[in-house]
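A closer look at the structure
Each chain is listed here by its residues.
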Number of protein chains: 2
Amino acid sequence: MKKYVYMFPEGNGSMRELLGGKGANLAEMTGLGMPVPQGFTITTEACTRYYEDGKTIYPDIQEQIMEYLDKLEKATGKTLGDPAQPLLVSVRSGARASMPGMMDTILNLGMNDEICQAVAALTNNPRFARDSYRRFIQMFSDVVMELPKSSFEQFIDQVKDKKGVKLDNELDADDMSELIVLFKDHYKKSLGSDFPQDPKVQLMESVRAVFRSWDNPRANTYRRMNDIPHSWGTAVNVQSMVFGNMGETSGTGVAFTRNPATGEKKLYGEFLMNAQGEDVVAGIRTPQPISALADTMPEVYQQFVDISSRLEQHYGDMQDMEFTIENAKLYMLQTRNGKRTAQAALKVAVDLVDEGVCTKEQAIMKVEPKQLDALLHPTFVPAALEAAKPITTGLPASPGAACGAVYFTAEEAAAAHKKGEKVVLVRQETSPEDIDGMAVSEGIMTARGGMTSHAAVVARGMGTCCVAGVGGIKVSESAKTLTFADGTVAHEGDFISLDGSTGNVYLGCIETHEAELTGDFGRFMGWADEIRTLHVRTNGDTPRDATQARKFGAEGIGLCRTEHMFFEPERIKAVREMIVSDTVEQRKAALAKILPMQRGDFEGIYRAMGGLPVTIRLLDPPLHEFLPHEDDEIQELAAEMGISFEKLKGKVEDLHEFNPMLGTRGCRLDVLYPEIAEMQTEAIISAALNVSKDGLNIVPEIMIPLVSEINELRYVKKVVKTKADELIEASGQRMKYMIGTMIETPRAAVTADEIATEAEFFSFGTNDLTQMTYGFSRDDVGRILDCYFEKKILESDPFARLDQNGVGKLVKYAVENGRKVRPDIKLGICGEHGGDLSSVEFCHNVGLNYVSCSPFRVPIARLAAAQARVKELGKA
Amino acid sequence: MKKYVYMFPEGNGSMRELLGGKGANLAEMTGLGMPVPQGFTITTEACTRYYEDGKTIYPDIQEQIMEYLDKLEKATGKTLGDPAQPLLVSVRSGARASMPGMMDTILNLGMNDEICQAVAALTNNPRFARDSYRRFIQMFSDVVMELPKSSFEQFIDQVKDKKGVKLDNELDADDMSELIVLFKDHYKKSLGSDFPQDPKVQLMESVRAVFRSWDNPRANTYRRMNDIPHSWGTAVNVQSMVFGNMGETSGTGVAFTRNPATGEKKLYGEFLMNAQGEDVVAGIRTPQPISALADTMPEVYQQFVDISSRLEQHYGDMQDMEFTIENAKLYMLQTRNGKRTAQAALKVAVDLVDEGVCTKEQAIMKVEPKQLDALLHPTFVPAALEAAKPITTGLPASPGAACGAVYFTAEEAAAAHKKGEKVVLVRQETSPEDIDGMAVSEGIMTARGGMTSHAAVVARGMGTCCVAGVGGIKVSESAKTLTFADGTVAHEGDFISLDGSTGNVYLGCIETHEAELTGDFGRFMGWADEIRTLHVRTNGDTPRDATQARKFGAEGIGLCRTEHMFFEPERIKAVREMIVSDTVEQRKAALAKILPMQRGDFEGIYRAMGGLPVTIRLLDPPLHEFLPHEDDEIQELAAEMGISFEKLKGKVEDLHEFNPMLGTRGCRLDVLYPEIAEMQTEAIISAALNVSKDGLNIVPEIMIPLVSEINELRYVKKVVKTKADELIEASGQRMKYMIGTMIETPRAAVTADEIATEAEFFSFGTNDLTQMTYGFSRDDVGRILDCYFEKKILESDPFARLDQNGVGKLVKYAVENGRKVRPDIKLGICGEHGGDLSSVEFCHNVGLNYVSCSPFRVPIARLAAAQARVKELGKA
């Protein structure tokens, strides 16, 4: 029969998958001879069985648990439920990765009326016995029976009031007896049955509760955000109790081997005498700093310092530990790699290498790439944030913190900004016409749209904080109001604060502070760059983007979207002229007006990139995006353009599409209107020729988007090549350039072998590829995602994290077949996934040459690429 | 060096790919010892080279042609351009498949001023010589120089007028001399150079012209409609001339071995004495029936009859022949399998089997599946059609012919129909709400939408004629006018006629006649059914569809779209109540109203299918399709539903999607609202239980649409299974049912191995799969298709003909991986491709169990499936 339970000495630190993090570390510490109370771990596989078996613990597993309980009883010489030698245990969850939101701890299990009396007699400490029992009733009710802990607090207050005292530890043994009666009564009234007196029933119900808590909504959300599969399951640790509440030589505490906020190398933590673990967290009494233990119990303190130091050396990382002192004897209850701030993470990583505790490769693995974000963007001042309560939450679409006055149109936002106001742009959804307003906003909030909606993509590109897809709000542009689900209304000019890293929205202004990059950052990222083999480029449309991204270490531009340049006021006019043209000549005339401006842009970008590769994508969006859609706007524009309302309206109607995402865009535009590709080629090549004269060696990479059929690429390539060769020849200069394509339709992926015969590079447009592979419109998918998460149909948003199982299969297929045909083909990715950790790892493993992401994600991608390489080499 | 030219004796009938149909058959007849003028064939590969080499004939090929000209000269004892022994040749194109629209024939090549004199002297027939020369000038100018033949006609008229005669053959030798002068003069004036006198130049230019004509727009259109790849190329046949215009013992004619209109076994054709081939076609003189040749030249006639009969036996099919009699000697110039009407095709096929000329398998290959359409639908009376000229042309979206009064809304069409009018519904595009109006219309015409637009799909399902996507027209519902590109306006009540098989639209009424199925049809289709292994089901949503399709031989329903039942007036109300529900309870209450109606539908369908399998798809379209979108309609409906305008408007806005095709539809609806799946399951299962009581053994197949992730299927399957099992158990009956899914997103295809663990059957929804694989919205793709055809980016509409290279690869992958996991999985296709010839063949080859198509396509699919099987067995 399969082994579902391990005594601590049977396990070790490498068995994290099976025993969970907590269980593996308890086993490891046991093996290291540290003072760990004895116990056993029920494996994660038992949890998986629980779900497979329809949320029940089958008898075979129950029997094993009882067998190991028996072993524990033999080892401790105590027995669960035996008044002569009562065993009390704690039950704690412990997944592979530390996971807030799950059931955490039940202490003092084994207590009942009889045992309570027995413990009181054995310890000669009735207060302690009864305090332990009432705590157990509370924790069991809360965690196992879902009767909230807080519902018991009224009785404590009642007894304290009667007695006229303020603190719990002012209650005596008799008061505790009274509380036990009140608690049991409350339990029975609320749940309709007596508090269970059988310790084995208590135990099995507690184990069941841990398994169940793996699937609660908070845990699910956390897993989704941290890429933890539901299938992992949690382990359960059953450990004999030691008591910090036995009196004044007992206590309990938590400590870090280094300061988790700053990284400073100094034991950091706090403890409380005569208390159980929950008291430290509850904050009723104020704990003392860990250093004070040196005075209170010098020997115990020294022992703890020694153990801390051994653990840090042993694990090669900063540790976060829990301990209990029972009658002056130290017990270790947990150790794990400590959570830390981004700043601390960098300092610890760098220090550990300097101290010789770990290698650079190991150090690289100690910083979560996502954490770097916090170093690049403004954040809320922690103290200010603590006092604030979010009014609602949306998708954390672009990181950073922002506070500003609400405006409902891009124009009004821009106007307010000019007057010196800090503004937050709030829109139903944004469109390319909002660019100017977005550029001047501190933050952007939209009611609709997902992680790759227009607002999200543009905001990330700009490094501006954005919360998107905020459900339940109503945005009225005409009334200039933002109504929250609870009925609260914010008017134009009212202040709100956005946290783009959590998706939280707050009323009023929360103070923010700017990001600062330390020397540790530079050293650490230097190591990442040494290690990684995957290149990191940026998506950037302007010289400003390019400059920003180079500062963050971008090695080129992977995606320059030419259309973003089309929206500036002086250009949009010519663009619209081009669109309403009736003849090729008219269209060419309009394009000729755009040419010098585009050329200027490209010159700026080439110069900003200083000779690094630049991939420029030909015009991509459907033309109707450049025209207004409401009658009054059409009227106005028609007058401005000197054409009739009917003509312009007719054009708008002609261009209307049922499914624009699957419509006339990308290379389809160039097939219909080759003169667009010609003009853009001229701008790209002549700009490169001009800049090359200054000694920069530019090799423009011209990217033809949305190809789904090799003939599309052939046709447009010919147009581009003809124009480019003609310009280069006329210039008398020598210049190379490349022509490649996006792989962003499933058909392009499955015909990659054909396409590679014409394309010198592939850039995987995984946004569109994800849309078409799933059949999800990224602008509409927000409507179903929450429900899909809740019902466990998806574990993560495929627009944020590359779906390796489906979309990834297409990418892999295209990589393999493209390389077969053209071994030196350059392969990259320029979807939003380029900045996502697991997606970058996928790109590394699948053999891409580079990932491209928005400027602010460049450092994340660099680190993620380094981590992927370290993993690949097995040097983690 | 590669061989690009073959003398006739070097080839044979099996070399069609290389020599083209005409060349292969000339070689074959030569081999059979029939009187064929000598000549050679330039291969299709030479044509392919011509295009590869940038539309030039490279010297290597030119040299080979000259070498073979030399051989021909040796064989005939005549020399091109030699006045002593002048060789004259014809130059004809000849592709693998007979292809109208290409350059056809140049006769008398080799003629020039000098040769004309020589021939006159040699034949002692100056009129013949000069007539031949002037014809050559005309043909060469027309075909090679693109100076229209008709531009020469004025000079003939001029000479005839001067002389006071009416017919060409009343012109004498002097008149011909005059014409030659006038023609050469016209040539020089129009083209700026003298008519080429060098016969070798004439020859090479003519070959070039044949190659060039392969790529003209008419040829391209024909190829696209008939699935002929551009890469095939055409061969060129150069043959020494024989002359039907040598005098009264010379002549020329065409004949079929059987009547091509009826199939009657009787030589059928016509001839003209003292004429060249073009005269027979031109219709200036009236040709005589072939039987008259028995009187004119009995020996030649008998020889021709013998040859005809030999050829038919030899080829095992009705032959279409061209012949020339030169000075009482018969020459065969061409034979090929004759084009015939659908009716004739069936009769010939059946007769040939009865006569023992061919096997059933061979007979099966002699009828083009598409032709069957004409037997199932009304057609225009040929005489009436001849007189008519189309005013415009759209997509031939659903076959048949129709004439009726124009109405612009479904309601008005229905009202007019009630009054007894025959109506044609004309809409910008149709939507599900138009169903009632569509059902009573003779024909449907839309300005927008492609071959798989709503109008096209529904019309094909109903067997109603439809012309869709008619560009250049303006439909005004408010003004009740239809304006054609030329400005002609049709008002409500005006008559128009539609040809759904060609896409032609006519003003006024053209007489139609009904289809009639003969006994031949039954026998022939019986053979097809014996032979084929691929099953044919139908897409049908109503008992009427089911009955119709069974009559046409459907073996089950492959797709029953439940939503089409939702639009009937008494149902749509409950559907809308369901949509605007705020709570699950409200939604369930509304669904409860729909339940009995759906159950009734399914009972009717089960009964109509008499126990054959029925696959029912759960609700598929996005819910906003059931709501109005204009404010006034919303207002009206809100009043009717007793809710506020704001509430309904809000709902409509909430449901709005940017890309509905990629939106909240298919199984996504069931995940959001499992109660919909529950209600539909109840209707499906309880209907089956009810009908089973009458002794029909029903095994409902419940199909869950738009799955892209196994967990979607798992979730909805569980809902369906729970409800189904509960109902079956409660009934006390025994009943099986199946749960399967559509494979219609690329992700479903690439994860088919996972999905097959849960799905008992796959039905490939190749409409959506094509949309997502290409990234083409089928409602919008019309905008680019023409340009894509013109620029040779696509050779066919992937929504009409399955794209085997891309979409097909995904289908194949899913078939293979699905079967690996579940070897007995049932596999079918239910996209529009189920009725397309090459697509059916693909489905057969890839190993599907069935195709499903609209009722009127069922016979086509049956025949196509049989043909695929015959091809596979190599029995063609």
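Residues numbered from 1 in each chain as written. Chains lettered and ligands numbered in written order. Predicted model: local features only at pLDDT ≥ 70, side-chain atom pairs only at ≥ 80, totals over all residues. Heavy atoms only, no water.

1. Regarding the interface of chain B and chain A
It is common to report an interface's size as the accessible area lost on association of the parts. The interface is formed by 54 residues belonging to chain B together with 53 residues belonging to chain A. A buried area of about 4700 Å², summed over both sides, lies between chain B and chain A, and 52% of it is on carbon and sulfur atoms. One can count 4 salt bridges joining chain B with chain A. Where R747 of chain A meets D803 of chain B, a salt bridge forms, and the shortest distance between an N and an O atom there is 2.6 Å. Our enumeration of links across chain B and chain A arrives at 43 residue pairs in polar contact (both at pLDDT 80 or more). Elements that contribute at least two residues to the side of chain B that touches chain A include exactly α25 (645-655), α26 (667-672), α28 (710-731), α29 (746-750), α30 (752-755), α31 (766-774), α32 (782-790) and α33 (807-821) of chain B. A per-class count over the side of chain B that touches chain A returns 22 nonpolar, 14 polar and 18 charged. (Contact = heavy atoms within 4.5 Å. Buried area = accessible area lost by both parts, 1.4 Å probe. Salt bridge = Lys/Arg side-chain N within 4 Å of Asp/Glu carboxyl O. Polar contact = N/O pair within 3.5 Å; in protein donor to acceptor, adjacent residues only side chain to side chain. Helix = DSSP H or I, 4+ residues; strand = E, 2+ residues; numbered from the N terminus. Nonpolar A, V, L, I, M, F, W, Y, C, P; charged D, E, K, R; others polar.)

2. What to know about the relation of the copies chain B and chain A
The transform that puts chain B on chain A rotates by 179° and translates by 0.1 Å along the axis, for an RMSD of 0.2 Å. A rotation of that kind, with that shift, is consistent with a two-fold axis. (Least-squares fit on C-alpha atoms with pLDDT ≥ 70 in both.)

3. Regarding the sheet that holds strand β20 (residues 474-476) of chain A
Residues and elements named next belong to chain A. An order of β20-β21-β22 is seen for the 3 strands of this open sheet, with the pairing classed as antiparallel. Since the sheet does not close on itself, it has two edges, and those belong to β20 and β22 (489-491), each with one partner. On average, each strand axis in the sheet is inclined to that of its neighbour by 15°, with strand direction left out of account. (Pairing = 2+ DSSP bridges. Axes fitted to C-alpha atoms, helices over the stretch in contact; angles between N-to-C directions.)

4. Overview of α28 of chain B
Relative to the 32 Å expected for 22 residues at 1.5 Å per residue, α28 of chain B spans 31 Å between its end C-alpha atoms, a close match to the ideal helical length. Considered for burial, the residues of α28 of chain B that qualify are I710, E712, L713, V716, K717, V719, V720, K723, A724, L727 and I728 of chain B. Of the surrounding secondary structure, the elements contacted by the buried residues of α28 of chain B are α32 (782-790) of chain A together with α26, α27 (674-692), β27 (701-704), β28 (738-743) and α30 of chain B. Directly after α28 of chain B, the chain includes G732 of chain B, whose backbone phi takes a positive value near 75°. (Expected span 1.5 Å × (residues − 1). Buried < 20%, exposed > 50% of the residue type's maximum accessible area, 1.4 Å probe, protein only.)

5. What about unusual backbone geometry?
A positive phi angle, near 60°, is found at K55 of chain A, a position not held by glycine. Mapped onto the fold, K55 of chain A is located in the loop between α2 (44-52) and α3 (59-76). A relative accessible area of 45% places K55 of chain A in the partly exposed class. Residues other than glycine seldom take positive phi values, yet N274 of chain B does so here, at roughly 50°.

6. Examining the state of the cysteines
Residue and element names in this part refer to chain A. What the rule picks out here adds up to 2 disulfides over all chains. Paired through a disulfide, C403 and C509 show a sulfur-sulfur distance of 1.5 Å. In this structure the cystine formed by C403 and C509 twists about its S-S bond by roughly -90°; its chirality is therefore left-handed. Placement of C403 in strand β16 (residues 401-407) and of C509 in the loop between β24 (504-507) and β25 (512-513) is noted, with a sequence separation of 106 residues between them. (Disulfide = S-S within 2.5 Å.)

7. Describing the environment of L333 of chain A
Topologically, L333 of chain A is positioned in strand β12 (residues 329-337). For L333 of chain A, the residues in contact, after removing those within four places along its chain, are L26, P37, R92, Q239, V242, E322, F323 and T324 of chain A.

8. Let's talk about the nonpolar core
In this structure, F524, Y606 and F762 of chain A together with F524, Y606 and F762 of chain B are the most contacted members of the largest nonpolar core, which totals 282 residues. The contact partners of Y606 of chain B, leaving out residues within four places of it in the chain, are G611, V614, I616, I684, A687, A688, V691, L696, I698 and P700 of chain B. Of all hydrophobic cores here, the second largest spans 70 residues; its members include I57, M139, F152 and V207 of chain A. (Core = buried A, V, L, I, M, F, W, Y, C linked by side-chain atoms within 4.5 Å.)

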